[in-house]
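Inside the fold
Each chain, letter by letter, is given below.
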Protein chains: 2
Amino acid sequence: MGGDGGVEMTLPACVEALRQDPDLGLMLIGNERCMQDGLKHVPEALLARISIIHTKDAVFDDDKPAQVLRKGRQSSMFKAIELVKDGKAQAMVSAGNTGALLLTGRHLLKTLPGIRKPAIVATLPGTSRQTFLLDVGANPECDGPQLFEFAVMGMVLAEALEGQPVSVGLLNIGAELHKGTAAVQEAAALMMDSPALDYAGFIEANELFEGAADVVVCDGFVGNVIIKSSAGVANVVKKLLRPKQEDMPPVSMQVDVNLPCISLASNDCSEEAISLRLSSQINPQRFNGASLLGLQGSVIKSHGNATSEGFFYAIQQAIHEVDNAIPQLIADRVANIMQGRPAPVLG
Amino acid sequence: MGGDGGVEMTLPACVEALRQDPDLGLMLIGNERCMQDGLKHVPEALLARISIIHTKDAVFDDDKPAQVLRKGRQSSMFKAIELVKDGKAQAMVSAGNTGALLLTGRHLLKTLPGIRKPAIVATLPGTSRQTFLLDVGANPECDGPQLFEFAVMGMVLAEALEGQPVSVGLLNIGAELHKGTAAVQEAAALMMDSPALDYAGFIEANELFEGAADVVVCDGFVGNVIIKSSAGVANVVKKLLRPKQEDMPPVSMQVDVNLPCISLASNDCSEEAISLRLSSQINPQRFNGASLLGLQGSVIKSHGNATSEGFFYAIQQAIHEVDNAIPQLIADRVANIMQGRPAPVLG
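The numbering scheme is per chain: residues are counted from 1 as the chain's sequence reads. Each chain gets a letter, beginning with A, and each ligand a number, beginning with 1, in the order they are written. A pLDDT threshold of at least 70 governs which residues receive local features in this predicted model, and a stricter bar of 80 or more applies before side-chain atom pairs are shown or counted, although totals over entire chains, interfaces and linings include all residues. Based on all heavy atoms of the structure, the side-chain values leave hydrogens and waters out of the count.

Only DSSP runs of H or I with at least four residues qualify as helices, and only runs of E with at least two residues qualify as strands; both kinds are numbered from the N terminus onward. Each helix and strand in chain A was counted, giving 12 helices and 10 strands. A total of 347 residues make up chain A; the buried ones form 57% of that total. Working definition of accessibility: Shrake-Rupley area with a 1.4 Å probe, residue cover restricted to the visible protein chains. Total accessible area on chain A stands at roughly 14,600 Å², and carbon and sulfur atoms take up 52% of it. The buried label goes to any residue with under 20% of its type's maximum accessible area, the exposed label to any with over 50%, and the partly exposed label to all in between, with areas taken from a 1.4 Å probe on protein chains only.

Structure below.
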């Protein structure tokens, strides 16, 4: 049902994803009537790989946790996660209410053994390589052992997607060992002690875009603030780059979903070319699609106000997770890594 | 002594500040011998407004709090704050160790009545107007009443500098009332109840650059992460804008401190002009100079790796604070505002 953007946002992304990946099949869960218009002109060959599962209700952004569970399987979100639980779908993608997604995900899929709570992981663009950042919103307050769990999960995901060993850093407000909160100090001790991690030490927020570590962990409040302030700066830049077109919608909305490949190596220095380079590099849409790591199944959160282009990338993220069997991989590694470590004190 | 940059960084900024403000006098505190070279070619007329106070020691970035106090008045930082305490200087500016500056500032100047701890306030650029953000690093963990104190101090500073009433928001990871940590929830209740504040509600990090509120409060960990991640994105943008000059130092270092005035209204769309517009708008140097609010005296923190241009702006910030008698103004307003409010529970 597509969060703020509705099916007008999700359906074009679904169609494009089917077009680019002949092995993909999509189950669209939601109000059938709402979807009919958007699917009217889709070629038969693509429609054949779409199945629609009707639900009369959806979860809304202002729904409280109690309401979400009351709606139960009447909601598109609940039904979609249930399909993952039942093995009928390999992953689910939602642009809906994050709190509801976490609650329903944990309720239906459960967390992996050794993981107390799921974390949301986002990928940040960089000048040299991307960085995996978690948690970016699931857990506003975390203790040290929880940050350590994030480190393990992030490492497994990044190694699977990058195909090579990765380093893991801990976000802090300084490089000195005594800096940071009690939770950060505790996490640092755990990470330093773990032979399973290639620990990169404290990472400051400005180093996130310089490839200082492949994976960086922080609590969900801090992570959320990082991705939102970065997007805020990116939007300021876009406005400055288009001084005469202030009344137009943001650049990201003008990028055709059929043209996601923009050459970064271009030497074209026209304003248009610069703007395109910037859009492709710092456009938050391109990095949309955040995994809910730690669940026994793949759940991908798209930003609530993602564009079709952004939702397309969220679907790609789901495909990567499935191709790499991420939840199983995390389960295996966590079991190994956690063995050598004292059980966390439950807060 | 200029933190990472040394006197090679601070002295050109001092000379430029004296050149632009005929009413300014500067006391340079530090190792006299280190300063001699940098002052060799300064015109007599400017030198007449400089006095040098020799100290044989300085605080270093890796000094622990115990070392800082042991050095005592032998250090340039201690001596400079002491001059403020004794009324011999009206403000002090330092690019040194933040922890030492806070410790020495509290030790010598004391906090204002009603304020438990000082906070560091930074100004953020925006597309329409600037935003005052605090705390950006003094207090990594804060309770609700402390965030409320930040709100009052930030409001007084912003109203004095802007010359008009300002709104105050609370940084959170969502707009919904139930979002955020326990401290944020508690602060929201206090801010909502206070008739002295024009409370703007929860502000998400992406809205910081859109002028959603004039003042935004958060704990020092989160605030520090906001300014550093914003600077990180700005640096990525600069690298993308100069694809053929990757080996050159960052743009901010090429801006001559004699030419700080760049027209933002320019319609010139050459890459050079765009780059200059961006640099002046999102260049962290221009927003360097963070007040330590809540002390009985004006102390301004410059970023440890600020350029001369950045340090120049930190001196400007000190001048604004003195011109507006900020510490006295905060003392007066805090006394009034805190009266109607139950005493905070000390954690």
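Here, nonpolar core means buried Ala, Val, Leu, Ile, Met, Phe, Trp, Tyr and Cys residues that are tied together by side-chain atoms lying within 4.5 Å of each other. The biggest cluster of nonpolar side chains holds 165 residues, and the ones touching the most others in it are A:Leu170, A:Leu171, A:Leu208 and B:Leu208. Note on contacts: a residue pair qualifies if any of its non-hydrogen atoms lie within 4.5 Å across the two residues. For B:Leu208, the residues in contact, after removing those within four places along its chain, are B:Leu124, B:Thr131, B:Leu133, B:Leu171, B:Ile203, B:Val216 and B:Ile226.

What follows is about the sheet that holds strand E9 (residues 290-293) of chain A. All names here are of chain A. Whether two strands pair depends on DSSP finding at least two bridges between them. Overall, mixed pairing links the eight strands, which are arranged E3-E10-E9-E4-E5-E8-E6-E7 in an open sheet. Each of the sheet's edge strands pairs with one partner strand only, and the pair in question is strand E3 (91-94) and strand E7 (198-203). The mean inter-strand angle of the sheet, taken between neighbouring strand axes irrespective of direction, is 25 degrees. In this structure, strand E6 (residues 167-171) lies alongside E7, joined through five bridges in parallel fashion. Within the sheet, the bridge partner assigned to Ser167 lies in E7 and is Asp198. Each axis is a line fitted through C-alpha atoms, taken for helices only over the stretch in contact, and angles between the N-to-C directions span 0 to 180 degrees.

All names here are of chain A. The working definition used for a salt bridge is a side-chain nitrogen of Lys or Arg within 4 Å of a carboxyl oxygen of Asp or Glu. As enumerated under the stated definition, the model contains 16 salt bridges over all chains in all. In this structure, Asp143 and Arg116 form a salt bridge, with 3.3 Å as the shortest nitrogen-oxygen distance. With Asp143 in the loop between strand E5 (131-134) and helix H7 (144-162) and Arg116 in the loop between helix H6 (98-109) and strand E4 (119-124), the pair connects residues that are 27 residues apart, well separated along the chain. Several salt bridges converge on common partners, so that one network encompasses Arg116, Asp143 and Glu149.

What follows covers helix H9 (residues 220-241) of chain B. All names here are of chain B. Counted at 1.5 Å a residue, the expected span for H9 with its 22 residues is 32 Å, and the 32 Å between its end C-alpha atoms agrees. In terms of residue burial, H9 counts as a mostly covered element, since 19 of its 22 residues are buried. Here a polar contact is taken to be a pair of N or O atoms separated by no more than 3.5 Å, where protein atoms must pair a possible hydrogen donor with a possible acceptor and residues adjacent in sequence count only if both atoms sit in side chains. Sitting at the amino-terminal end of H9 is Asp219, which places a side-chain oxygen 2.9 Å from the backbone nitrogen of Phe221. Expected span, for any helix, means 1.5 Å times one less than how many residues it has.

As a further point, take the environment of A:Asp63. All names here are of chain A. For Asp63, the location among the structural elements is in the loop between strand E2 (50-54) and helix H4 (65-71). As for Asp63 and Met191, which are separated by 128 residues in sequence, their C-alpha atoms are 37 Å apart. For Asp63, the contacting residues outside a window of four places in its chain are Ala58, Val68, Lys71 and Asn97.

Before going further, it helps to spend a moment on the pairing of strand E10 (residues 298-301) of chain B. All names here are of chain B. In E10, alternate side chains face the same way, and those of Ser298 and Ile300 on one face and Val299 and Lys301 on the other are all buried. Of the strand pairs in this sheet, strand E3 (residues 91-94) and E10 are connected by four bridges, and their pairing is parallel. What sits directly across from Val93, in E10, is Ile300. Adjacent in sequence and paired antiparallel, strand E9 (residues 290-293) and E10 are bridged by four residues, among which Gly294 carries a positive phi angle near 105 degrees.

Successive side chains on a regular strand alternate, one facing one side of the sheet and the next facing the other. All names here are of chain A. In E9, alternate side chains face the same way, and those of Ala290 and Leu292 on one face and Ser291 and Leu293 on the other are all buried. Sheet topology note: the E4/E9 ladder contains three bridges and is antiparallel. Along E9, the bridge assignment pairs Val121 with Ser291. Bridging between E9 and strand E10 (residues 298-301) involves two bridges; their strand directions are antiparallel.

For the rest of this paragraph, the subject is the environment of B:Cys14. All names here are of chain B. Within the secondary structure, Cys14 sits in helix H1 (residues 6-20). Note: C-alpha distance between Cys14 and Leu28 (14 residues apart in sequence) is 8.9 Å. Apart from the residues within four sequence positions on either side, Cys14 is in contact with Leu26, Leu28, Phe311 and Ile315.

On to the sheet that holds E10(B), then. Residue and element names in this part refer to chain B. Spatial strand order, E3-E10-E9-E4-E5-E8-E6-E7: eight strands in an open sheet with mixed pairing. In this open sheet, the two edge strands, each paired with only one partner strand, are E3 and strand E7 (198-203). Across the sheet, the axes of successive neighbouring strands diverge by a mean angle of 25 degrees, strand direction being ignored.

Residue and element names in this part refer to chain A. With respect to the element layout, Phe132 can be found in strand E5. Here the alpha-carbon distance between Phe132 and Ala290, two residues 158 residues apart in the chain, equals 9.9 Å. The contact partners of Phe132, leaving out residues within four places of it in the chain, are Val121, Ala122, Thr123, Leu157, Ala158, Leu161, Glu162, Asp214, Val215 and Val216.

With that settled, the discussion passes to the packing of H7(A) against helix H8 (residues 182-193) of chain A. Residue and element names in this part refer to chain A. Contact pair H7 / H8: the axes reach a minimum separation of 7 Å and the direction vectors enclose 50 degrees. Between H7 and H8, the angle falls in the class oblique. Where H7 crosses over H8, the two elements pack in a sense that is right-handed. Within the contact between the two elements, H7 uses Gly144, Pro145, Leu147, Phe148 and Ala151 and H8 uses Ala183, Val184, Glu186, Ala187, Leu190 and Met191. Basically, the charged four are Asp, Glu, Lys and Arg, the nonpolar ten are Ala, Val, Leu, Ile, Met, Phe, Trp, Tyr, Cys and Pro, and anything else, Gly included, counts as polar. The class makeup of the residues in the contact of H7 with H8 is nine nonpolar, one polar and one charged. For classification purposes, angles smaller than 35 degrees are called roughly parallel, those larger than 145 roughly antiparallel, those between 65 and 115 roughly perpendicular, and all remaining angles oblique. Crossings are sorted by hand: turned counterclockwise from the far helix by less than a right angle, the near helix makes the crossing left-handed, and turned clockwise it makes it right-handed.

On a range of 0 to 100, pLDDT expresses the predictor's confidence in each residue. Looking at chain A, the pLDDT average stands at 84 and 84% of residues meet or exceed 70. This model gives residues 244-269 of chain A a pLDDT under 50, and the stretch forms 38 contacts once residues within four places in sequence are excluded.

Attention now moves to the side chain of A:Ser194. Along the polypeptide, A:Ser194 turns up in the loop between H8 and E7. Setting aside its immediate chain neighbours within four residues, A:Ser194 contacts A:Phe148 and A:Ile337.

All right, on to unusual backbone geometry then. All names here are of chain A. Here Leu134 and Asp135 are connected by a cis peptide whose omega angle stands at 0 degrees. Relative to the elements of secondary structure, Asp135 occurs in the loop between E5 and H7. A positive phi is found at Ala325, a non-glycine position, where the angle reads about 50 degrees. Inspection of the secondary structure assignment puts Ala325 in the loop between helix H11 (308-323) and helix H12 (326-339). Since its relative accessible area comes to 39%, Ala325 is described here as partly exposed.

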